Amino acid sequence: MRSITRLALAAGAALLTATAAQADITVGVTVSATGPAASLGIPEKNTIALMPTTIGGHKVNYIVLDDASDTTRAVSNTRKLITEDKVDIVLGSTVTPNSLAMIDVVAEAQVPMISMAASARIVEPVDAKKRWVFKTPQNDIMMALAIATHMAANGVKTVGFIGFADAYGEGWYQEFAKIAALKGLQITANERYARTDTAVTGQVLKIIGAKPDAVLVAGSGTPAALPQKTLKERGYAGRYYQTHGVANNDFLRIGGADVEGTFLPAGPVLVADQLPASNPVKKSAQAYVAAYEKMYGKGSVSTFGAHAWDAGLLMTAAIPAALKKAQPGTPAFRAALRDALEQVRDLPGAHGIFTMSPTDHLGLDQRAYVMVRIDKGGWKYVP
């Protein structure tokens with residue numbers, strides 16, 4: 001009888017172990033695959049297909065939803081992923097307004113989130129809510145410093161600013177204004193426009209009237225081409241700068257000859273093959289380019305897909321540590337995953353080297369950007 005009991009207990013333990021080992025990890029994704037931010041969201045969606053399907057012996061399931069570049073849809077997607085699909089982590093969204101709106105949802109449910117949007121406000125300050133939120137794109141202040149430094153070094157004294165009439169544009173203005181003052185740059189015009197606008201003539205005329213040495217367009221994706229094309233049509237002949245929000249081929253296609261010569265800061269992945277061998281991000285950036293182009297074709301890669309890739313790398317690095325403390329599908333696992341993300345150290349990504357901490361949920365430093373010029377319809381590394 002005792003031997004039968006022992007056998008039954010052993011069989012039960014084995015069954016429990018096998019069941020635990022088979023527990024799937026569920027990843028919820030919301031990206032802007034349609035709408036004004038589609039040129040950013042599509043490569044992010046494409047990149048999800050490159051992420052691992054097994055981590056730490058557990059199958060990984062990805063549930064990908066389109067928020068159509070809409071804040072309300074991003075929030076409803078997040079709620080669905082958490083309440084109905086019981087996801088262990090949320091990746092997204094593509095743009096700053098959507099990501100900011102999602103914070104309350106993930107914080108309330110205590111589900112970790114990795115955003116692919118740029119604004120530092122998504123993760124700063126790391127308070128009771130934002131302790132659940134991480135992100136992969138470089139902060140605006142980091143890129144604003146790169147732009148202002150380049151402007152000052154090239155004789156620019158006055159700058160006209162035009163940005164989106166939302167959190168992205170306002171965040172960029174605030175950060176650039178701080179750095180501009182330190183670099184001796186005067187902002188002579190400050191204009192806004194909506195992502196869906198089809199004309200910005202009034203704003204452009206005000207900028208031209210201020211006679212700036214350079215213009216900074218703080219937009220993302222293809223809508224960022226509109227002010228520059230209008231400025232060109234109206235004869236503005238100064239220097240043009242864009243943010244890292246335009247670093248994809250769709251912007252080049254829409255902008256055409258009107259964006260030739262434009263300067264912008266970008267993640268190293270944009271010009272991975274042009275980087276010197278000494279660049280610490282070159283190898284990891286090339287790894288993403290190779291993986292993406294193998295599936296989607298040569299020249300198809302963009303920096304936005306790379307933000308999703310880096311989110312996947314962070315998740316993949318953190319999951320094994322979380323699995324040591326709890327099983328997927330439980331609040332304990334989600335909490336452990338959040339803690340593990342915060343402990344990621346020296347992780348090479350497509351955009352930089354990530355080192356998280358309790359006060360830094362981005363974890364990038366100056367190795368995460370280079371200056372680039374649009375040259376002959378392509379991207380040229382500027383040493």
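Further up the page is the structure itself.
Report follows, based on the coordinates. Model, not experiment: these values are computed from the prediction.

Calculation rules
Residues numbered from 1 in each chain as written. Predicted model: local features only at pLDDT ≥ 70, side-chain atom pairs only at ≥ 80, totals over all residues. Heavy atoms only, no water. Helix = DSSP H or I, 4+ residues; strand = E, 2+ residues; numbered from the N terminus. Rg over C-alpha atoms; globule rule 2.2 N^0.38 Å. Buried < 20%, exposed > 50% of the residue type's maximum accessible area, 1.4 Å probe, protein only. Areas by Shrake-Rupley, 256 points an atom, 1.4 Å probe, with all protein chains shown as cover. Lys, Arg positive; Asp, Glu negative; His and termini not counted. Charge placed at Lys NZ, Arg CZ, Asp CG, Glu CD. Contact = heavy atoms within 4.5 Å. Core = buried A, V, L, I, M, F, W, Y, C linked by side-chain atoms within 4.5 Å. Salt bridge = Lys/Arg side-chain N within 4 Å of Asp/Glu carboxyl O. Pairing = 2+ DSSP bridges. Axes fitted to C-alpha atoms, helices over the stretch in contact; angles between N-to-C directions. Right-handed = clockwise from strand over helix to strand, strands pointing away. Parallel < 35°, antiparallel > 145°, perpendicular 65-115°, else oblique. Left-handed = near helix turned anticlockwise from the far one by under 90°.

### Overview of the overall build of the protein chain
Along its length, the protein chain carries 12 helices and 15 strands. Whereas a compact globule of 383 residues would reach a radius of gyration of roughly 21 Å, the protein chain reaches 22 Å, a difference of no more than 12%. If you line up the protein chain on its principal axes, its C-alpha atoms span 95 × 45 × 35 Å. Residues classed as buried in the protein chain amount to 55% of the 383 residues present. Summing over all exposed atoms, the protein chain offers an accessible surface of approximately 15400 Å²; the carbon and sulfur share of this is 56%. Considering the protein chain, the positive charge centre built from 38 side chains and the negative charge centre built from 32 side chains are found 4 Å apart.

### Some words on helix α2 (residues 38-48)
The buried count for α2 comes to eight of 11 residues, which makes it a mostly enclosed element. Those residues of α2 not exposed but buried are A38, S39, L40, G41, P43, E44, T47 and I48. Tucked into the core, α2 has its buried residues touching β1 (25-31), β3 (58-66), β4 (89-92), α9 (249-255), α10 (282-296) and α11 (303-323).

### Some remarks on the nonpolar core
A general trend in soluble globular proteins is that nonpolar side chains are found buried together. Residues M151, W172, F176 and L216 are the most contacted members of the largest nonpolar core, which totals 52 residues. Per element, the largest residue contribution to this core is six residues, and it comes from helix α5 (residues 140-153). Sequence-distant contacts of L216, defined by excluding residues within four places in its chain, comprise I147, M151, V159, G160, F161, I162, W172, F176, Y241, Q242 and T243. With 36 residues, the next largest nonpolar core counts V31, I114, L337 and A340 among its residues.

### Looking at the pattern of salt bridges
In total, this model carries 11 salt bridges according to the counting rule given. Bridged by salt links that share partners, the residues K80, E84 and D85 form one connected network.

### Side note on the sheet that holds β3
Spatially, six strands are ordered β2-β3-β1-β4-β5-β6 in an open sheet, and the strand pairing comes out mixed. The sheet is open, and its two edges are formed by β2 (54-55) and β6 (133-135), each paired on a single side. Sheet analysis places β2 next to β3, joined by two bridges and oriented antiparallel. Looking at β3, one finds that T54 is bridged to K59. With respect to the sheet, helix α12 (residues 331-342) is in contact with β1, β4, β5 (113-115) and β6, its orientation differing from that of β6 by roughly 40 degrees.

### Let's talk about the pairing of strand β10 (residues 239-242)
Both strand β9 (residues 214-218) and β10 contribute to a ladder of four bridges, which runs parallel. Bridge pairing links A214 to R239 in β10. The handedness of the β9 to β10 crossover, carried by helix α8 (residues 225-233), is right-handed.

### Focus on the packing of helix α7 (residues 201-209) against α8
Running from amino to carboxyl end, α7 crosses α8 at an angle of 60 degrees, the nearest separation of the two axes being 10 Å. By the angle between their axes, α7 is oblique relative to α8. The element α7 and its partner α8 pack so that their crossing is right-handed. Residue-level inspection shows T201, V204, I207 and I208 of α7 in contact with α8, the latter providing P227, T230 and L231.

### So, the pairing of β9
Here β9 lies mainly inside the structure; five of its five residues are buried. Residues A214, L216 and A218 of β9 are buried on one face, and the alternating residues V215 and V217, pointing to the opposite face, are buried as well. Sheet topology note: the strand β7 (residues 158-164)/β9 ladder contains five bridges and is parallel. When the sheet's bridge partners are listed, F161 is paired in β9 with L216.

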